[in-house]
Amino acid sequence: MMTQNEINSWITFLSSLDVEYSCTVLFQRRFSNGTRNEQYKETVRKFLRIFIRQLNIHFYGTKSTRTRDKYLGPKLTIVPVMENWNLDTDLHFHLHIGNIPIDDLNEITKRIKHSWMKVPMSETNSKSCLVEKTWDKVGWNKYITKELYSKNSDCVITDLIQTTY
């Protein structure tokens, strides 16, 4: 379990990022209710990497994902957070998303949902990918990191955080 100072540091860091949108995504129930061991965790991380790659492609094109080129192009700011890892309920993810080159919420939602549909085991119903403008960053950060206080000190997936800095 993390100390209150460590949690406050995370919330301060997350609040400092230039993110304008929040997204919650669900995996299919038959997948999200599986045995939660290290192999399962690695599979989930692989699926999140696919999602992040698809998001970058849908907003900035393939140049943002090429690693062989010297110029990688712009990318989104993304902070993925896992919820319900230690519970028998549906595993899902919250994401902070920023550095989006368009302002139309409907178009942003369409692109994010299309990116999510490219991920194996993504839920395909209308509530499987929810996108909203983030009005209160500090409040949203406290909500998505609530598992830091007790159950899941690894809920912020640090190696998949993508910033534009």
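Throughout this document, residue positions are counted from 1 along each chain, in the order its sequence is written. The model is predicted, so local features are restricted to residues of pLDDT at least 70 and side-chain atom pairs to those at 80 or more, both for listing and for counting; the totals for chains, interfaces and linings are taken over all residues. The side-chain quantities take in all heavy atoms of the structure and omit both hydrogens and water.

1. What about unusual backbone geometry?
- The residue Asn99 is not glycine, and still its phi comes out positive at about 60°.
- Think of it this way: any DSSP run of H or I at least four residues long counts as a helix, any run of E at least two long counts as a strand, and we number them from the N terminus. If you trace the backbone, Asn99 turns up in the loop between strand S3 (92-98) and helix H4 (105-117).

2. A closer look at the side chain of Gln162
- With respect to the secondary-structure elements, Gln162 resides in the segment after helix H5 (137-144).
- Apart from residues lying up to four places away in sequence, Gln162 is in contact with Ile52, Asn56, Lys75, Leu76, Thr77 and Ile78. Residue contacts follow a heavy-atom distance rule, with two residues in contact if any of their heavy atoms lie within 4.5 Å.

3. Thoughts on the confidence of the model for the protein chain
- pLDDT: the predictor's confidence for each residue, scored from 0 to 100. For the protein chain, the average pLDDT comes to 79, and 76% of its residues sit at 70 or higher.
- Mean pLDDT across the elements of the protein chain bottoms out in helix H2 (residues 29-32) (59) and peaks in H4 (93).

4. So, helix H1 (residues 4-16)
- With 13 residues, H1 should cover 18 Å at 1.5 Å per step; its first-to-last C-alpha distance of 18 Å lies within 8% of that length.
- Relative accessibility thresholds used throughout: buried, under 20% of the residue-type maximum; exposed, over 50%; partly exposed, between the two (1.4 Å probe, protein chains only). Turning to H1, its buried residues are Ile7, Trp10, Ile11, Leu14 and Ser15. The buried residues of H1 all sit within an arc of 130° when viewed along its axis, so they share a single face. Of the residues in H1, the exposed ones pointing more than 90 degrees away from the buried face are Asn5 and Thr12. Expected helix span is computed as 1.5 Å times (number of residues minus one). This arc is built from the directions going out from the helix axis to the C-beta atoms.

5. With respect to the sheet that holds S3
- Any two strands between which DSSP finds at least two bridges are classified as paired. On the basis of which strands lie adjacent, the open sheet formed by 4 strands has the order S2-S3-S1-S4 and antiparallel pairing. Since the sheet does not close on itself, it has two edges, and those belong to strand S2 (77-83) and strand S4 (129-133), each with one partner. This sheet shows a mean twist of 15° between the axes of neighbouring strands, independent of strand direction.
- Inspection of the sheet shows S2 paired to S3 by 7 bridges, in the antiparallel sense. Within S3, the position partnered with Ile78 by the bridge is Ile97.
- To get an axis, a line is fitted to the C-alpha atoms, and for a helix only the part in contact is used. The angle between two axes follows their N-to-C directions and goes from 0 to 180 degrees. The sheet strands contacting H4 are strand S1 (21-26), S3 and S4, and the helix crosses S4 at an angle near 150°.

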